[in-house]
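# Fold and contact review
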Amino acid sequence: MRYVCRICGYVYDDEKETVPFEQLPDDWKCPLCGAGKSDFEVEAPKKERKPVSVDAEAADLKKLSAGQLAAVCSNLARGCEKQYKSEEETLFLELADYFTKITPEVQDATVQKISKLLAEDIEQYPNVRAVADQSSDRGAARICVWGEKVTRMLSSLVNRYLKEGEAMLADTPIWICTVCGFVYIGETPPELCPVCKVPPYKFEQVEGRA
């Protein structure tokens, strides 16, 4: 049996490992990206990708908050950076900064609420990816792939925090990829970002954590 990390794609092959996946301890982590055991799934047979029907009218009518627009523009800026479109990147960063400044402070923010919102975001990615594919927009499709993986990692870390509390972060640096936003907890950043494959110097350590 082969098990695949839904975040970075690492494959745990029972036939090649000394310990079957099911017998690994619950606190076992992906050796590549640090995701939890629960973020692995049984490798499914490869199937031909079929077009997904998307209600374009419903998608157009959805009104995004300032915070959501800030995130969208920030992701689009990253996509432009990857395609060496510096002018477009700058414009999207300006928009992201504007929407960030007008985003009202969240009064009822809790870790539990964040966990719920991340789970809802993960469910929406297939529809967003379908729109990008139907438009033949490779840049947007790449952002969808990166965004889903980063969101899954954030969800994994938040749920792990709900179980372990502050002990999870004790004396352990937190790193964030400046290209795709991937978050990694460990003494040093990974040799390659599990999501966008940039080298470790593209990671920045999160400072000022109480």
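The paragraphs below set out a description of the structure included in this document. (Residues numbered from 1 in each chain as written. Predicted model: local features only at pLDDT ≥ 70, side-chain atom pairs only at ≥ 80, totals over all residues. Heavy atoms only, no water.)

The subject of this paragraph is the pattern of salt bridges. Throughout the structure, instances matching the rule amount to seven salt bridges. As a salt-bridge pair, D97 and K101 come within 3.2 Å of each other at their nearest N and O atoms. Of this pair, D97 and K101 both sit in helix 3 (residues 86-101), four residues apart, which is roughly one turn of that helix. You can call K101 exposed: its relative accessible area is 65%. (Salt bridge = Lys/Arg side-chain N within 4 Å of Asp/Glu carboxyl O. Helix = DSSP H or I, 4+ residues; strand = E, 2+ residues; numbered from the N terminus. Buried < 20%, exposed > 50% of the residue type's maximum accessible area, 1.4 Å probe, protein only.)

Here we take up the side chain of S155. With respect to the helices and strands, S155 occurs in helix 5 (residues 138-164). Residue S155 is classed as buried on the basis of its relative accessible area of 10%. Sequence-distant contacts of S155, defined by excluding residues within four places in its chain, comprise L118 and I122. (Contact = heavy atoms within 4.5 Å.)

Attention now goes to the sheet that holds strand 5 (residues 183-185). Strand order in this open sheet of three strands is 5-4-6, and the pairing throughout is antiparallel. The open sheet is flanked by strand 5 and strand 6 (203-205), the only strands paired with a single partner. Direction aside, neighbouring strands of the sheet carry axes that sit 30° apart on average. (Pairing = 2+ DSSP bridges. Axes fitted to C-alpha atoms, helices over the stretch in contact; angles between N-to-C directions.)

Scope: geometric values only; no functional claims are made or implied.
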